[in-house]
Amino acid sequence: MTQDLLEDEAFNQFIAMSDPMGRTGKPGELDTALLMFASHHSSYTTGQLLTVDGGWIAI
């Protein structure tokens, strides 16, 4: 759904200047967060929000 946006040079320049990591997320970067919540390692975790956003919330 975002292919056209990701191929837009103006969008990529905006991200490079605005995002703390200077890039958009890559496929697979949510995997470890999802696996953690789906595994027994989070069995005592309740009501948490894990933000995986490359630092957007920090600005």
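Every chain's residues receive numbers from 1 upward, in the order its sequence appears when written. The predicted nature of this model means local features are confined to residues of pLDDT at least 70 and side-chain atom pairs, given and counted, to a pLDDT of 80 or more, with totals for whole chains, interfaces and linings taken over all residues. The side-chain figures draw on all heavy atoms in the structure; neither hydrogens nor water molecules are used.

### Quick look at the side chain of Ser-42
Numbering of helices and strands starts at the N terminus; helices are DSSP runs of H or I of at least 4 residues and strands are runs of E of at least 2. In this structure, Ser-42 sits in the segment after helix H3 (31-38). Pairs of N or O atoms are called polar contacts if they sit within 3.5 Å, as long as, within protein, a hydrogen donor faces a hydrogen acceptor (for residues adjacent in sequence, only side-chain-to-side-chain pairs). Reaching out from Ser-42, the side chain makes a polar contact with the backbone oxygen of Met-36 at a distance of 2.9 Å. With residues near it in sequence (within four places) discarded, Ser-42 still touches Met-36 and Phe-37. Note on contacts: a residue pair is in contact if any heavy atoms of the two residues lie within 4.5 Å.

### Examining the environment of Gln-13
Tracing the backbone through its elements, the reader meets Gln-13 in helix H2 (residues 9-18). Burial here depends on accessible area, computed with a 1.4 Å probe over protein chains only, as a share of the maximum for the residue type. Under 20% is buried, over 50% is exposed, and the range in between is partly exposed. Given a relative accessible area of 45%, Gln-13 falls into the partly exposed group. Sequence separation between Gln-13 and Arg-23 is 10 residues, and the spatial gap between their C-alpha atoms is 9.1 Å.

### A closer look at the pattern of salt bridges
What makes a salt bridge here is a side-chain nitrogen of Lys or Arg within 4 Å of a carboxyl oxygen of Asp or Glu, nothing more. Under the definition given, this model contains one salt bridge. For Arg-23, the salt bridge identified is with Glu-29, shortest N-O distance 2.8 Å. Under the relative-accessibility criterion, Arg-23 is labelled partly exposed at 29%.

### Considerations on the environment of Gly-22
Of note, Gly-22 is situated in the loop between H2 and H3. Assessed through its relative accessible area of 32%, Gly-22 is described here as partly exposed. Here the alpha-carbon distance between Gly-22 and Val-52, two residues 30 residues apart in the chain, equals 15 Å. Excluding its chain neighbours within four sequence positions, the residues that come into contact with Gly-22 are Ile-15 and Ala-16.

### Regarding a nonpolar patch on the surface
Here the term patch refers to residues with relative accessible area over 30% and no salt bridge, with like charges joined within 9 Å and nonpolar side chains (Val, Leu, Ile, Met, Phe, Trp, Tyr) within 5 Å. Exposure was quantified through the Shrake-Rupley algorithm and a 1.4 Å probe, taking into account, for residues, occlusion by the shown protein chains and nothing else. On the surface, Leu-30, Leu-34, Met-36, Phe-37, Leu-50 and Val-52 cluster together into a nonpolar patch covering about 520 Å² of accessible area. Relative to the assigned elements, Val-52 resides in the segment after H3. With a relative accessible area of 43%, Val-52 lands in the partly exposed category.

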